[in-house]
Amino acid sequence: MRVGSHLQALPAHLRRRLADALESGQLPGQPSLTALQSELGPEHASEGIIADLDSLARVGLTGPAVAAWLHALDQALSGVVPPDLVWSGPEVSGLPARDTRRVYDELIDSARHSVWISTFVYFDGPQAFARLAQRMDQHPDLRVTLLLNIQRSRGDTSATDQVVRRFTDRFWGTDWPGSSRPAVYYDPRSLDESGKTGVLHAKAVVVDEEAAFITSANLTAAAFDRNIELGVLLHRPSLALAVVRHFQGLIDSRSLEALPLS
């Protein structure tokens with residue numbers, strides 16, 4: 001565990017209280033656990049914080065210097081939203097968690113500029129894409145990119161272009177419910193007749209290059225509501241942008257190919 005991790009995990013108001021006590025000399029740079037408990041309360045003081053302060057002391061930071069470090073840490077962390085764990089399936093008593101469907105709906109409803117969605121499978125297209133299509137129709141400038149997997153049926157020996165054509169006709173004719181159309185890409189390797197190459201298996205939603213939802217859940221009612229699925233919601237623009245750049249790189253290199261618009 002990295003130096004300062006226990007201090008970073010402290011609630012911000014307790015970090016500031018600790019910094020003030022160190023800066024004023026009320027606490028020494030290497031306090032005892034008892035002294036730390038009197039300042040932070042027994043439920044927040046820990047041997048881990050003592051170890052963090054000892055580690056900082058070993059590199060020459062004590063008292064006011066640690067206080068300055070804590071103030072700098074607060075500035076660095078201000079405005080950073082911690083990641084949320086997001087679950088589907090049965091709830092566990094006493095362990096609050098975000099719900100997959102609710103997180104997905106909130107992300108789509110908040111989109112202003114761009115949405116990227118990658119899924120391995122989807123079922124009931126008109127239902128699966130209803131909220132996204134509605135958002136696009138309400139906001140004509142919203143750019144939406146879908147990354148989908150096209151899978152051969154077992155025993156299907158049709159030419160690749162025929163498989164893509166059938167998928168295209170079904171997607172635009174039946175599955176997509178909106179009047180505005182997203183850009184759609186697929187991984188052509190999944191259509192290899194040998195069945196020995198890769199597939200597009202990533203499940204992710206990125207909105208406005210600000211929030212990234214990485215999840216095991218496909219775009220299906222079962223995954224959203226019944227299966228045990230786990231994901232993480234990150235409000236970190238740097239990470240959201242990194243996901244978008246990777247997907248865009250796959251498109252630019254033709255690792256992902258565009259689905260025809262008709």
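What comes next is a walk through the structure.

Reading the values: rules and limits
Residues numbered from 1 in each chain as written. Predicted model: local features only at pLDDT ≥ 70, side-chain atom pairs only at ≥ 80, totals over all residues. Heavy atoms only, no water. Buried < 20%, exposed > 50% of the residue type's maximum accessible area, 1.4 Å probe, protein only. Helix = DSSP H or I, 4+ residues; strand = E, 2+ residues; numbered from the N terminus. Pairing = 2+ DSSP bridges. Salt bridge = Lys/Arg side-chain N within 4 Å of Asp/Glu carboxyl O. Arc of directions from axis to C-beta. Contact = heavy atoms within 4.5 Å. Axes fitted to C-alpha atoms, helices over the stretch in contact; angles between N-to-C directions. Parallel < 35°, antiparallel > 145°, perpendicular 65-115°, else oblique. Left-handed = near helix turned anticlockwise from the far one by under 90°. Nonpolar A, V, L, I, M, F, W, Y, C, P; charged D, E, K, R; others polar.

**Some thoughts on the pairing of strand E7 (residues 211–215)**
Buried residues dominate E7, accounting for four of its five residues. Taken together, the four bridges between strand E6 (residues 204–207) and E7 define a ladder with antiparallel strand orientation. Residue pairing for E7: Ala 204 is matched across the bridge by Ile 214. Between the end of E6 and the start of E7, which pair antiparallel, lie three residues, with Asp 208 showing a positive phi angle near 55 degrees.

**Quick word on the sheet that holds strand E2 (residues 98–99)**
Strand order in the open sheet formed by nine strands is E2-E1-E8-E7-E6-E3-E4-E5-E9, and the pairing between neighbours is mixed. Lying at the two open borders of the sheet, with one neighbouring strand each, are E2 and strand E9 (257–258).

**Let's talk about the pattern of salt bridges**
Applying the stated rule across the entire model yields 11 salt bridges. Between Arg 131 and Asp 109 there is a salt bridge, and its shortest N-O distance comes to 2.8 Å. Taken together, the positions of Arg 131 in helix H8 (residues 130–138) and Asp 109 in helix H6 (residues 100–110) put the pair 22 residues apart, joining distant regions of the chain. Residue Arg 170 pairs with Asp 175 through a salt bridge whose shortest N-O separation is 3.8 Å. Here the salt bridges share partners, and the residues they tie into one network are Asp 84, Arg 98 and Glu 106.

**Comments concerning H8**
When H8 is considered as a whole, its buried residues turn out to be Leu 132, Ala 133, Arg 135 and Met 136. The arc that holds the buried residues of H8, viewed along the axis, is 160 degrees, so those residues lie on one side. Buried residues belonging to H8 abut H6, strand E3 (114–118) and strand E4 (143–148).

**Regarding the packing of helix H3 (residues 33–40) against helix H4 (residues 47–58)**
Taken N-terminus to C-terminus, the directions of H3 and H4 make an angle of 110 degrees; their axes are 10 Å apart at the nearest point. On the basis of their axis angle, the class for H3 and H4 is roughly perpendicular. Handedness of the H3/H4 crossing: right-handed. Seen from H3, the contacting residues are Leu 33, Leu 36 and Leu 40; seen from H4, they are Glu 47, Ile 49 and Ile 50. Residue composition of the contact of H3 with H4, by class: five nonpolar, no polar and one charged.

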